[in-house]
Amino acid sequence: MLQGRRCAECDKLSLDAGRPCPFCGSQGGSAVALSGRGRLVSWTVIRVAPGRYAAEAPYTVGLLELPEGLRLTARLEADPEQLSAGQALTFASLDPARGPIFRPA
Ligand SMILES: [Zn+2]
């Protein structure tokens, strides 16, 4: 499940339930379950990856807009040739090192 956090101070929604609010720095907040749905805004294929991910290249990273009003970047389990802007994506898994992973809905 994909989780966000609702800030106790400014009431804004963000990702990373375990971290301070990126808008106001408050530690207070509560975890909220996100739908796991998203729309593809943009994407890129990483062919020359940073050191620890070098062996995984090429891989695709997308910018997604979630119906909750958040944007995030996530790895995509998809053929980049088959992607299109506005496409529906769904949350696949949360990798501790790589963050959320999405695939076509
Ligand atoms: Zn806040």
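This one's a predicted model, so the numbers in the text were calculated from it and none came from an experiment. (Residues numbered from 1 in each chain as written. Predicted model: local features only at pLDDT ≥ 70, side-chain atom pairs only at ≥ 80, totals over all residues.)

1. Some remarks on the overall build of the chain
In step 1: Along the backbone of the chain there are zero helices and eight strands.
In step 2: Moving toward the C terminus, one meets the helices and strands of the chain in the order β-β-β-β-β-β-β-β.
In step 3: Its C-alpha atoms give the chain principal-axis dimensions of roughly 40 × 30 × 20 Å.
In step 4: The burial tally for the chain puts 19% of its 105 residues in the buried class.
In step 5: Contacts in the chain between residues at least 24 apart in sequence constitute 44% of all its contacts with a sequence separation of at least 6. (Helix = DSSP H or I, 4+ residues; strand = E, 2+ residues; numbered from the N terminus. Buried ≥ 20, exposed ≤ 12 C-beta atoms within 10 Å, placed from the backbone. Contact = placed C-beta atoms within 7 Å.)

2. Considerations on the domain arrangement of the chain
In step 1: Segmentation of the chain into domains returns domain 1 (3-33) and domain 2 (37-104).
In step 2: Using only C-alpha atoms to locate each centre, domain 1 and domain 2 end up separated by 22 Å. (Domains from an automatic or database assignment.)

3. Side note on unusual backbone geometry
In step 1: A cis amide bond, omega -5°, links Ala57 with the succeeding residue Pro58.
In step 2: With respect to the secondary-structure elements, Pro58 resides in the loop between β4 (37-46) and β5 (59-65).
In step 3: With a phi close to 70°, Asp11 is a non-glycine residue in the positive phi region.
In step 4: Summarising the element assignment, Asp11 is placed in the loop between β1 (3-7) and β2 (13-15).
In step 5: Among the residues examined, Asp11 registers 11 C-beta atoms within 10 Å and is labelled exposed.

4. Here we look at the nonpolar core
In step 1: The biggest cluster of nonpolar side chains holds eleven residues, and these are Leu2, Leu34, Leu40, Trp43, Leu64, Leu66, Ala74, Leu76, Leu89, Phe91 and Phe102.
In step 2: If you list the elements that add at least two residues to this core, you get β4, β6 (71-76) and β7 (88-95).
In step 3: Setting aside chain neighbours within four positions, we find Leu66 in contact with Leu34, Arg37, Gly38 and Leu72. (Core = buried A, V, L, I, M, F, W, Y, C linked by C-beta atoms within 7 Å.)

5. Brief notes about the sheet that holds β1
In step 1: The strand order across the open sheet built from three strands is β2-β1-β3, with neighbouring strands paired in antiparallel fashion. Two strands close off the open sheet at either side, each with one partner strand: β2 and β3 (29-33). Within the sheet, the average angular offset between the axes of one strand and its neighbour, ignoring direction, is 40°.
In step 2: Judged from the five bridges that link them, β1 and β3 form a sheet pairing that is antiparallel. Bridging across to β3, Arg6 finds its partner in Ser30. (Pairing = 2+ DSSP bridges. Axes fitted to C-alpha atoms, helices over the stretch in contact; angles between N-to-C directions.)

6. Describing the environment of Ala33
In step 1: Within the fold, Ala33 resides in strand β3.
In step 2: Under the C-beta neighbour-count criterion, Ala33 is labelled exposed, with 10 such atoms within 10 Å.
In step 3: For the pair Ala33 and Glu68, spaced 35 residues apart in sequence, the C-alpha separation works out to 10 Å.

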